[in-house]
Amino acid sequence: MTLSIRAGTTRTMRLVSVAAIISLAITGVAYAQSDTGVNIDQNVFNMYLESRTQRPADQASPEEIEAVRNELTDIYLLSEVPRAKELEKSPRIQAQLELQSRGMLAQAVAGDFLAQNQATDAEMQALYAEQIELAPPMEYKARHVLVQTQGEAIALIAELEGGADFTEVATQKSIDPSAASNGGLMDWFTPDRMVPEFSSAVAALSDGEMTKTPVQSQFGWHVIRREDSRESPPPPFESVTDVLKQQVEQAKLRDYVDGLRNSPAE
């Protein structure tokens, strides 16, 4: 079924009636306007309407339907002028059309595959157990002072070992703005959230212990004191099911595509 639409008319002629406009998007009834000769399939109209409004076609307002109708009219008129037929033969345009067509088909095939191969509870549970096994078992709380040179860090360690207050030293001398504002205190973190040099140094300390030598990272030189530690509890399975579902299904799709790469073309 096709839809004839008009461009460049007055507001009164475009609107016609709210009931007629709504019927265009919902019922698919042909709507004839003869001054442009543009015919748009109802499925094309609804798809474009939904892409522009990000809502189902039957939820579009009369104003949105009218705006889309005019946009599509312009698109169709421009694509049907004689010059468009000449440009269509351009290798570059042909390549763009080929890429768009294949991209849409690939998305459709991927969507269909995922709909037919949804993640099961057993698969999500297995992935959850695997990720829990690999997750860092401990969380740490620490204070640190960051300075630019190794010599500065060595001097700070001597000062702290001589009885200086770590919080005051961090506030006064750290070049890390956040450390300077809160006495160098860092909230609970797992090792994977910090640069490896920092995490390794913290993990090697005991609670309340300070590094005896400066720790270098990409940010400068650190003096670190581990304040506290605790076991890192895993998130409840129910709280991560959406993420697990996506990961399982993406892995299935990846395996499917890898299989296509490794099998001879039919």
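Preceding this section is the structure that the text describes.
Rules behind the numbers
Residues numbered from 1 in each chain as written. Predicted model: local features only at pLDDT ≥ 70, side-chain atom pairs only at ≥ 80, totals over all residues. Heavy atoms only, no water. Pairing = 2+ DSSP bridges. Helix = DSSP H or I, 4+ residues; strand = E, 2+ residues; numbered from the N terminus. Axes fitted to C-alpha atoms, helices over the stretch in contact; angles between N-to-C directions. Contact = heavy atoms within 4.5 Å. Core = buried A, V, L, I, M, F, W, Y, C linked by side-chain atoms within 4.5 Å. Buried < 20%, exposed > 50% of the residue type's maximum accessible area, 1.4 Å probe, protein only. Polar contact = N/O pair within 3.5 Å; in protein donor to acceptor, adjacent residues only side chain to side chain.

(A) Highlighting the sheet that holds strand β4 (residues 185–189). A sheet is described by the order of its strands in space; here four strands give the open sequence β4-β3-β6-β5, paired in antiparallel fashion. Looking along the sheet, the strands with just one partner apiece sit at the ends: β4 and β5 (215–217). For this sheet, the mean inter-axis angle between neighbouring strands, taken without regard to orientation, is 40°. Strand direction decides the pairing type here: β5 and strand β6 (residues 220–231), joined by three bridges, are antiparallel. Bridge assignment links V215 to a residue of β6, and that residue is H222. Taken strand by strand, helix α8 (residues 150–161) contacts β3 (138–147) and β6, and its axis lies near 50° from that of β6. The strands touched by helix α9 (residues 166–173) within the sheet are β3 and β6, with β3 carrying the most contacts at an inclination of about 50°.

(B) Fine view of the nonpolar core. One finds V145, V147, A153, L156, I157, L160, F166, V169, A170, M210, W221 and V223 forming the largest nonpolar core, which totals 12 residues. Looking at this core, the elements with two or more residues in it are β3, α8, α9 and β6. The leading source of residues in this core is α8, at four residues. Sequence-distant contacts of I157, that is, excluding residues within four places in its chain, are made with M210, T211, K212, T213, P214 and V223.

(C) Local environment of the pairing of β3. Across the 10 residues of β3, eight count as buried, placing the element largely inside the fold. With 10 bridges connecting them, β3 and β6 associate as antiparallel partners. Bridge assignment links K141 to a residue of β6, and that residue is D228. By the bridge criterion, three bridges tie β3 to β4 in an arrangement that is antiparallel.

(D) View of the environment of S206. Its place among the elements puts S206 in the loop between α11 (196–204) and β5. Judged by its relative accessible area of 41%, S206 is partly exposed. Each C-alpha atom, one on S206 and one on R226, is 6.7 Å from the other, the two residues being 20 residues apart in sequence.

(E) Region of the structure containing the environment of S217. Position of S217 among the secondary structure elements: in strand β5. For the pair S217 and V195, spaced 22 residues apart in sequence, the C-alpha to C-alpha distance is 7.3 Å. Of the polar contacts made by the side chain of S217, one reaches the side chain of H222; its length is 2.7 Å.

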